[in-house]
Amino acid sequence: MTKRVAIFVSGGGSNMRALVEDMTGDHPARPAVVFSNNADAGGIAWAKAQGIATAVVDHRPFKGDRPAFEAAISTALAPHAPDMICLAGFMRVLTGAFIDQWTGRMINIHPSLLPKYKGLHTHARALEAGEAEHGCTVHEVTAALDDGPILGQARLAINAEDTAETLAARVLTLEHRLYPAVLRRFAAGDKRMVDVQGA
Ligand code: GRF
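Residues numbered from 1 in each chain as written. Predicted model: local features only at pLDDT ≥ 70, side-chain atom pairs only at ≥ 80, totals over all residues. Heavy atoms only, no water.

Looking now at unusual backbone geometry. Trans is the common state for peptide bonds, and a negative phi is the common state for residues other than glycine. A cis amide bond links Leu 114 with the next residue in sequence, Pro 115, at an omega value of 15°. Note that Pro 115 resides in the loop between β5 (106-110) and α5 (122-128). Even without being glycine, Ala 81 reaches a positive phi, approximately 45°. Locating Ala 81 in the fold gives a position in the loop between α3 (66-77) and β4 (84-87). In the Ramachandran plot, Tyr 117 falls in the positive-phi region, its phi being about 55° despite a non-glycine side chain. Within the secondary structure, Tyr 117 sits in the loop between β5 and α5. Residue Tyr 117 is classed as buried on the basis of its relative accessible area of 15%. (Helix = DSSP H or I, 4+ residues; strand = E, 2+ residues; numbered from the N terminus. Buried < 20%, exposed > 50% of the residue type's maximum accessible area, 1.4 Å probe, protein only.)

Here it is in structure tokens:
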């Protein structure tokens, strides 16, 4: 049965776009809704233009009351009946209670070769540490931040002239290859690791 996917974005949504563009033909999933905490997210405008359903819940009025924010998210998602969630540059931390409702059905992309460099500023931190390689990871979401079973990684060699900005751009290109490849497998129930080598 085709899986209905909710994609969560906070910004430009280039990963969301890569996922949506891949969900055609014999793909085992289809986009059900693009959700954001930010009405001005570029990803929301793009999804609307494609005729994809969108939903927005601004986190700010909740003033840090995460359970109330998440209750509003669940209410907004319900009419779209998603089977799974892809976090794609969603910049809000979700509580364990929300994550537990989606165990085994929620995945995320993170711009580092996990378990290295959880959290923010991953590119600068990889450079600072003198890493020879860097990349991105798609993983199942569990209550611990940027943790959970790894479903795929894409890696590249860091060049002497790389800056945090050039690395971010190079890794983002890899993200757009890795995330759709993982979603295709995962939505079909296949959790084997996807391994992508980048340039
Ligand atoms: C990506 O680098 C993603 O890994 C990170 O935030 C960025 C989102 O980019 N979590 P986009 O909104 O998909 O263009």
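What the domain assignment lists for the protein chain is domain 1 (1-102) and domain 2 (110-199). A C-alpha centroid distance of 20 Å is found between domain 1 and domain 2. Counting residues at the interface gives 19 residues for domain 1, matched by 14 residues for domain 2. In this assembly, domain 1 packs against domain 2 so that about 1500 Å² is buried in total across both faces, 68% of it on carbon and sulfur atoms. Per-residue buried area on domain 1 facing domain 2 is highest for Asn 15, Leu 19 and Ile 99; these three make up 30% of the total on that side. The interface formed by domain 1 and domain 2 holds two salt bridges in total. Put simply, Arg 184 and Asp 22 hold a salt bridge, and the shortest N to O gap is 2.9 Å. (Domains from an automatic or database assignment. Contact = heavy atoms within 4.5 Å. Buried area = accessible area lost by both parts, 1.4 Å probe. Salt bridge = Lys/Arg side-chain N within 4 Å of Asp/Glu carboxyl O.)

Our next topic: the side chain of Glu 131. For Glu 131, the position within the fold is in the loop between α5 and β6 (133-140). In terms of polar contacts, Glu 131 uses its side chain to reach the side chain of Tyr 117, at 2.6 Å. With residues up to four places along the chain from it excluded, the contact list for Glu 131 reads Lys 116, Tyr 117, Ala 126 and Ile 158. (Polar contact = N/O pair within 3.5 Å; in protein donor to acceptor, adjacent residues only side chain to side chain.)

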